[in-house]
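# Commentary on secondary and tertiary structure
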Amino acid sequence: ERERLLAQAQKPAITRDGHKVTVKANLELLDEIPLAIDFGAEGVGLFRTEYLYVVRKTLPGEEELFANYRQVVESLYPHTVTFRTLDLGGDKFAEELDLPAEINPALGLRAIRLCLKNPALFKVQLRALLRASAYGNVRIMFPLISGIEELREAKKFLQEVYLELKEEGFSIELPPCGAMIEIPTAVFIADHLAKEVDFFSIGTNDLIQYALAIDRGNEQVAHLYEPLHPGILRMIDYIVKAGHKAGIQVAMCGEMAGELLYLPLLIGFGFDELSMNPQSIPAIKDYICSLSFKKCRQLCEEVIDFSSAREVKEYLENWLGKEG
Ligand code: PEP
Ligand code: MG
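As the structure is a computational prediction, the values presented were derived from the model and not from experiment.

## Looking at the site of ligand 1
Around ligand 1, the structure places Leu 46, Arg 48, Asp 87, Glu 182, Gly 203, Thr 204, Asn 205, Asp 206, Cys 253 and Gly 254. Broken down by element, the residue count for the shell around ligand 1 peaks at 3 residues, all from helix α10 (residues 204–212). Looking at the shell around ligand 1, its residues break down into 2 nonpolar, 4 polar and 4 charged.

If you want it as C-alpha cells, here you go:
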C-alpha cells in the first residue's frame, strides 16, 4: 500500500471529475528537499526562513542567505519555491535582535511588523531572495499582513531592493509576490488585497488563533482550537472567492491543509494549491484522486450555513462514510 501511495504521489492530483489541485510541501531546511520530492511535492508552498536566524547568536548576512536560498532554488528546479519573508517574533527569536519581552507576543512585534520596523534586517533578506530568484522559480510572500498599507509598504521595500540590485548590475526579474492571510481583517479586505498581489496563501495556524482568540501554543485552550468552526469556514470561503474574482491563485499552507478530514471541504472551496508537511502528501494526493469536485462543492454549500463546529463535523463524517 505504501508503495502504491508513493507511486501515485508522483502523478498530479486530479479529482474523478477532472479538477486539478497542486500539492506542495512546507519546508524549512535544505536537507528536506529530496524527501519532499520523493513524497510527490509539486514545489514548495511555504519555505519558512527563520531557521538561519534562530539557531545562533548573530544574524546571517546577505552572502550566507543568498548561498542558502540559491541552493534551495536550484535543488527544486524546475519547481517553484514560495519563500516566506521572516516571521520572527511571536515564538521565534533571533538573539542579536535583542527584542524586549512582550506580555502578548502573538499580538506583538512579529513577522512583517518586525521587518517593517527594521528595514536593514528586511532588506538584507530581500536582497538575498531576489538574487537567488535568478537561479530558478521563486515566489515571495509576506506573513501576517493585516491591511493594505502594510502590504504596500512591504512591496515598496521589495521594489526598492529590486531597483538597487538592477543598478548594481544583477540580472534579475521581480518574482511573483503574495500575501499570507492570517489575520481576520485581511480576510475581509481580501478583495482589496487581491488587487495588489499575485497570490494568496492562507496560514490557518495563525488565522484560527486570531479568529477564535486561542493561543496556538497554549494547551489549556487547545481543545477550543477548531478549524471546522463555521466562522472559520466562512472566512476561508470568502478568501478563495475574493482571490478568484480578482483572478489570482489561492493556496492554503497551514496545518489544516494536510488533514484528510478537511480535504473534501478544501477541494470544494476551490483551492488551487495545498501545501503541507511532506509526509502528508502521498495520502492527500491519493484522496484527492478519489473525490468528486462537484460533490465537494455541494458539501461546502451545505455546511457553510451550519451554526456549529459539531454540526459540521457530524455532517462531514457522515458524508465521508458515504462519499469518501
Ligand atoms: C500558519 O500560520 O498557518 C503558517 C503556515 O505559518 P506558521 O505556522 O509558520 O506561523
Ligand atoms: Mg503563521
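Following the structure, the description resumes.
## Some thoughts on the environment of Glu 302
Positionally, Glu 302 belongs in helix α14 (residues 293–303). With 66 residues separating them along the chain, Glu 302 and Ile 236 place their C-alpha atoms 15 Å apart.

## Section: the packing of α10 against helix α11 (residues 230–245)
Two measures define how a pair of helices packs: the angle their axes make with one another and the distance between the axes. Where α10 contacts α11, the axes come no closer than 11 Å and their chain directions differ by 130°. As the angle between them shows, α10 and α11 are arranged oblique. The chirality of how α10 crosses α11 is right-handed. Of the residues in α11, those in contact with Leu 207, Ile 208 and Ala 211 of α10 are Gly 231, Ile 232 and Met 235. Taken together, the residues of the contact of α10 with α11 break down into 5 nonpolar, 1 polar and no charged.

## Re the pairing of strand β7 (residues 199–202)
Consecutive side chains of a regular strand alternate in pointing toward one face of the sheet and then the other. Burial along β7 is two-sided: the residues Phe 199 and Ser 201 and Phe 200 and Ile 202 are all buried. The sheet contact formed by strand β6 (residues 177–181) and β7 spans 4 bridges and is parallel. Across the sheet, the residue bridging to Gly 178 is Phe 199, located in β7. Sheet topology note: the β7/strand β8 (residues 249–252) ladder contains 4 bridges and is parallel. Bridge pairing links Phe 200 to Val 250 in β8.

Cut-offs used in this document
- Residues numbered from 1 in each chain as written.
- Chains lettered and ligands numbered in written order.
- Predicted model: local features only at pLDDT ≥ 70, side-chain atom pairs only at ≥ 80, totals over all residues.
- Near = placed C-beta within 6 Å.
- Helix = DSSP H or I, 4+ residues; strand = E, 2+ residues; numbered from the N terminus.
- Nonpolar A, V, L, I, M, F, W, Y, C, P; charged D, E, K, R; others polar.
- Axes fitted to C-alpha atoms, helices over the stretch in contact; angles between N-to-C directions.
- Parallel < 35°, antiparallel > 145°, perpendicular 65-115°, else oblique.
- Left-handed = near helix turned anticlockwise from the far one by under 90°.
- Contact = placed C-beta atoms within 7 Å.
- Buried ≥ 20, exposed ≤ 12 C-beta atoms within 10 Å, placed from the backbone.
- Pairing = 2+ DSSP bridges.

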